[in-house]
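Observations on chain architecture
Here's the letter readout for the chains.
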Amino acid sequence: MPTTTRPATCPLCEATCGLLVTVEGEGPGARVTEVRGDADDPFSRGFACPKGLAIGELHHDPDRLRTPLVDGREATWEQAWQAVHERLGRVLGEHGRDAVGVYLGNPNVHTLAGSLYVPALAKALGSRHVFSASTSDQMPKQVAAVLMFGDPLSVPVPDLDRTDLLLVLGADPLSSNGSLMTAPDMPGRLRALRRRGGRLVVVDPRTSRTARVADQHLTIRPGSDALLLAALAQVLLTGGLAADPGPHVTGLEALPAALAPFTPEAVAGPTGIEAGTIRRLAADLAAAPTAAVYGRVGTTTTRFGTVTSWLVDVVNTLTGNLDSPGGVLFPLAAAGQRNSSPATRARAPRFGRYATGVRGLPEVFGELPSAAMAEEILAGNIRGMVTVAGNPALSAPDAGRLDRALAGLDVLISVDPYLNETTRHADVVLPVPTPLQRPHLDLTFSQLSVRNVIRWADPVLPAQLPQEWQTLARLAAILGGAGPDADPAVVDSLVLRTLIGQQIAAEGSALAGRDPVEVVAELGGRPGEERLVDLLLRVGPYRLTLDQVRRHPHGLDLGELRPRLPEVLRTPSGRVELAPAPILADLPRLRAVLDEPWDGLLLVGRRHLRSNNSWGHNVASLVGGSNRCTLQVHPQDAQARGLVDGGTAAISSAAGRLVVEVEVTDRIRPGAVSLPHGWGHDLDGVGLQVARKAGGVNTNVLTPPEVDPLSGTAVFNGIPVTVAPADPDR
Ligand SMILES: Nc1nc2c(c(=O)[nH]1)N[C@H]1C(S)=C(S)[C@@H](COP(=O)(O)OP(=O)(O)OC[C@H]3O[C@@H](n4cnc5c(=O)[nH]c(N)nc54)[C@H](O)[C@@H]3O)O[C@H]1N2
Ligand SMILES: Nc1nc2c(c(=O)[nH]1)N[C@H]1C(S)=C(S)[C@@H](COP(=O)(O)OP(=O)(O)OC[C@H]3O[C@@H](n4cnc5c(=O)[nH]c(N)nc54)[C@H](O)[C@@H]3O)O[C@H]1N2
Ligand code: SF4
Ligand SMILES: [Mo]
């Protein structure tokens, strides 16, 4: 059998590692025989984690859907599209556009199809009920970014390879491989930081993998990072330690009064971190030649997600590290980045143009909170849903109610490769090719990357299913009223023409004033993602073409990050807004926390190196061993409650109750307990043979539908719970 080895880009997390995939045979019978890290990739330099190395197993997973499903049974594409047309059409016809909601899951930002065609789908649907994993994740960062820098994706990233001091809050990059900080080979990069004399400080209630290798680990009380950061900023401001923020920053004068209540002494109790430790950390940040503060999921998915995300960059600014080598910098991506596009104009952000029906939670960037999905469906405001690359039945808040809500929908259409906890409720499941069967270029994560790099990968294997872009485009066309036989090419050309139109109209664009027909002709006849990517590269800041990028199959290095102020800014003032009014208005809520009691148990999450949110558990090599769904409890808390290692406990919150396996460990601080998300697969109708046997529970049954008010983001970390010994069967 002939074997070939081809480069691919791993899309399974944000690290974007280059892979080399060896394939035996050709056509539908081809088998992946080996996957290894691509040593010639200038960015990942041969690194790959266990997930990337298992991408062949994922590809060959016998449970992956090979045909569409209609009412749980295998169907032809014609039958599937007919059912989509009829059933969605009925709900839209009877109840109107807003009666159909859409939920967009995390893998959408890891595929070209999701990035390029989902907006067209949402537009064709024209419903206010747009939800996504963003409000279960990074939306607070995006709200802080738009208010401070003028664009939701203007998130400065740590200059990981040059910094002298990295302060990590609520992230475990040695498990997650980094998030909003694309940096393949996190272990190597953190080792290099230590080797060059740099320091790593980790703030985490658990002794995570990253905390284990840190120079200093602060075991903070869950949900209180905003207090810690406010105190750091307060010390910098009052101690004469703050750097001159320079000409591009405005609002500094408002900070001393706004942050005055948050002295180290005031926050010591609620954070569990001594005042002296906070003062020393502030002094260390100020004294370090360069320093970068970085906060992730453990800071964003909390009650104060947006305030915390803002404070991260307030501290970066006060220490003189914003937009500075070794501090935090704005990447300059080769394609698709709004903050480098002449077509993106400065505009004051508007939030809350409409709101949810039940609780009146405001819209943010055209989305409503994932935490409101269950109640909106149960109230009858949503009667049909479309999910694309999402598994909200496990990943969204209030999951117990959401599961019941999904079961009661008039219609659910899912674009997904699996019959899982969400899609088991679907009328129609539309499957997609695997990562090895589609081209890839990372449009999203090259905008969040610690180096400017770009890499195009052709499909390693031919697809046996329509490409996802074709399915999304056809779905968009059907939602737009084009009927079951709609032609995806029509939507494709509409997407292309819209992008071209924006560029032609923009002063300073490579296409300014050009004739659109000519531009389309230059791009050639290739339909789909390839042509769109070619266009985005041509109008991007490096003026590349797809052909040029293709000549570097292992990736093209575009150099280290460089300062981008003020060119990156899109705020109406043209400055960095250090004290945005909506955020200052939320500070009294933070101030009130200082008077709350700080006893009781708080639940937090965690990620395992071999996990992938809710959908990695069907690959045998990625589950088991230490990747298990256990409730981590500190020995002191276990003893006080009569809990034993390996025993079972009932855990209850305001939202629900679960019976879980207990793991007694001193790798978590007293007062905190931890349960990972994405588990609990053994449900009727789930077609995941391996995952169903993996055990575990759906932690989001315990997540109340509470949100961070500025971003509408779920509160997964710092949930008040009670835990008591329980009979395993009850
Ligand atoms: N308690 C708790 N809950 C959490 C979190 C937490 O830390 N704690 N984390 C939150 C975070 S950060 C996130 S991002 C969300 C994730 O929330 P979701 O995105 O809803 O959940 P995932 O588990 O990522 O599910 C991805 C789905 O996409 C499908 N899929 C995989 N690849 C593709 C593809 O190429 N195309 C298509 N169409 N489908 C594909 C998978 O089969 C799966 O159904 O979960 C959130 N939930
Ligand atoms: N292996 C693996 N990698 C992944 C994923 C995965 O599921 N598995 N998911 C991907 C996704 S969608 C995302 S968004 C990223 C997330 O990437 P990270 O943000 O690095 O995610 P976690 O590994 O969950 O790390 C969060 C840490 O926050 C801590 N924490 C919880 N509550 C608090 C708190 O209140 N304060 C502080 N300071 N810490 C707290 C937890 O103990 C945990 O160690 O990972 C991505 N990469
Ligand atoms: S760290 Fe692992 S999952 Fe993430 S891109 Fe690299 S190989 Fe893929
Ligand atoms: Mo995420």
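For the structure, check the block above.
Residues numbered from 1 in each chain as written. Chains lettered and ligands numbered in written order. Predicted model: local features only at pLDDT ≥ 70, side-chain atom pairs only at ≥ 80, totals over all residues. Heavy atoms only, no water.

1. Quick word on the site of ligand 1
Taken together, 30 residues lie near ligand 1, and Y103, N106, S395, D416 and S614 sit nearest. At 2.8 Å, a side-chain N or O of R438 approaches an oxygen atom of ligand 1. The contact in question runs from a nitrogen atom of ligand 1 to an N or O atom on the side chain of E468, over 2.8 Å. With the chains in place, 97% of the 930 Å² that ligand 1 exposes on its own is no longer accessible. Its residues assigned to classes, the shell around ligand 1 comprises 12 nonpolar, 13 polar and five charged. (Near = heavy atom within 4 Å. Polar contact = N/O pair within 3.5 Å; in protein donor to acceptor, adjacent residues only side chain to side chain. Areas by Shrake-Rupley, 256 points an atom, 1.4 Å probe, with all protein chains shown as cover. Nonpolar A, V, L, I, M, F, W, Y, C, P; charged D, E, K, R; others polar.)

2. A word on the packing of aromatic side chains
Under the definition given, this model contains four aromatic pairs. Plain terms: the ring middles of W77 and W81 are 6.2 Å apart, the flat faces sit at 35° to each other, and that makes the pair tilted. You can see W77 and its partner W81 sitting in helix α3 (residues 77–95), four residues apart, about one turn around the helix. A relative accessible area of 17% means that W77 is categorised as buried. (Phe/Tyr/Trp six-rings, centres within 6.5 Å; stacked < 30°, edge-to-face > 60°. Helix = DSSP H or I, 4+ residues; strand = E, 2+ residues; numbered from the N terminus. Buried < 20%, exposed > 50% of the residue type's maximum accessible area, 1.4 Å probe, protein only.)

3. Digging into helix α5 (residues 139–149)
For α5, a buried count of 11 out of 11 residues is recorded, marking the element as mostly surrounded by other parts of the structure. Those residues of α5 that fall on the buried side of the exposure criterion are M139, P140, K141, Q142, V143, A144, A145, V146, L147, M148 and F149. With its phi angle positive at about 95°, G150 sits one or two positions after the end of α5.

4. Considering the site of ligand 2
Among the 31 residues in the neighbourhood of ligand 2, the closest are listed as S176, D204, G223, D225 and N613. D172 places a polar main-chain atom, nitrogen or oxygen, 2.9 Å from an oxygen atom of ligand 2. A distance of 3.3 Å separates an oxygen atom of ligand 2 from a polar backbone atom of G298. Isolated, ligand 2 exposes 930 Å² of accessible area, and the fraction of that covered by the protein chains is 98%.

5. Brief notes about empty space enclosed by the protein
Under the definition given, this model contains nine cavities of 30 Å³ or more. Of the pockets and cavities examined, the second largest cavity occupies roughly 150 Å³. In this structure, the second largest cavity is lined by 18 residues; those nearest its centre are T16, F43, V453, I454 and R455. Tallied by class, the residues present in the lining of the second largest cavity amount to seven nonpolar, eight polar and three charged. (1 Å grid on protein atoms, 1.4 Å probe; cavity = no way out; pocket = protein on both sides within 12 Å on 5 of 7 lines; lining within 4 Å. Points joined across faces, edges and corners; volume = space filled by probe spheres on them.)

6. Overview of the pairing of strand β15 (residues 384–388)
Most of β15 is tucked away, with five of its five residues classed as buried. On β15, burial covers both faces: G384, V386 and V388 on one face and M385 and T387 on the other are all buried. With five bridges connecting them, strand β6 (residues 100–104) and β15 associate as parallel partners. Bridging from a neighbouring strand, V100 pairs with G384 of β15. Relative to strand β16 (residues 411–415), β15 is paired through five bridges, and the arrangement is parallel. Considered in β16, the bridge of T387 is made with S414. (Pairing = 2+ DSSP bridges.)

7. Here we look at the nonpolar core
By size, the foremost hydrophobic cluster in this structure holds 89 residues, and its most contacted members are L166, L167, L232, L259, L285, V307 and W310. For this core, the element with the highest residue contribution is helix α9 (residues 225–238), accounting for 10 residues. Other than its neighbours up to four places away in sequence, L285 contacts L165, L167, L232, A291, V293, V315 and T319. Grouped together as the second largest cluster of nonpolar side chains are 69 residues, V91, L92, A473 and V495 included. (Core = buried A, V, L, I, M, F, W, Y, C linked by side-chain atoms within 4.5 Å. Contact = heavy atoms within 4.5 Å.)

8. Brief notes about the pattern of salt bridges
Scanning all chains against the criterion turns up 36 salt bridges. D38 serves as the salt-bridge partner of R455, at 3.3 Å between the closest nitrogen and oxygen. Of this pair, R455 sits in the loop between β18 (451–454) and α18 (468–479) while D38 sits in the loop between β3 (31–37) and α1 (50–53), placing them 417 residues apart in sequence. Pair check on accessibility: R455 and D38 agree, each one buried. Each of D458, R526, E530, D534, R538 and R550 takes part in one network of salt bridges that share partners. (Salt bridge = Lys/Arg side-chain N within 4 Å of Asp/Glu carboxyl O.)

9. Here's the deal with the sheet that holds strand β25 (residues 672–674)
Strands pair in a sheet through their backbones, by hydrogen bonds, and they do so in one of two ways: parallel or antiparallel. Ordered by their spatial adjacency, six strands build a closed barrel running β21-β25-β22-β24-β23-β28, and the pairing between neighbours is mixed. Averaged over all adjacent pairs, the angle separating strand axes in this sheet is 45°, with direction ignored. Sheet topology places strand β21 (residues 601–604) next to strand β28 (residues 719–725); three bridges connect them, and they run antiparallel. Within β28, the position partnered with L603 by the bridge is I719. (Axes fitted to C-alpha atoms, helices over the stretch in contact; angles between N-to-C directions.)

10. Quick look at the sheet that holds strand β17 (residues 428–430)
Strand order across the open sheet formed by seven strands is β5-β4-β17-β16-β15-β6-β7, with mixed pairing between neighbours. Edge positions in the open sheet fall to β5 (73–74) and β7 (130–132), since each of these has one partner strand only. Inspection of the sheet shows β16 paired to β17 by three bridges, in the parallel sense. Following the sheet pairing, I413 is matched in β17 by V428.

11. Remarks on the layout of surface pockets
Approximately 470 Å³ is the volume found for the second largest pocket. Residue lining of the second largest pocket: 25 residues in total, with R206, R606, H608, S626 and Q632 positioned closest to the centre. Grouping the amino acids of the lining of the second largest pocket by side-chain chemistry returns three nonpolar, 13 polar and nine charged.

12. A word on the environment of G605
Examined against the element boundaries, G605 turns out to sit in the loop between β21 and β22 (631–633). Assessed through its relative accessible area of 28%, G605 is described here as partly exposed. Separated by 113 residues in sequence, G605 and G718 have C-alpha atoms that sit 9.0 Å apart. When near neighbours in sequence (up to four residues on either side) are disregarded, G605 contacts R206, S674, L675 and N717.

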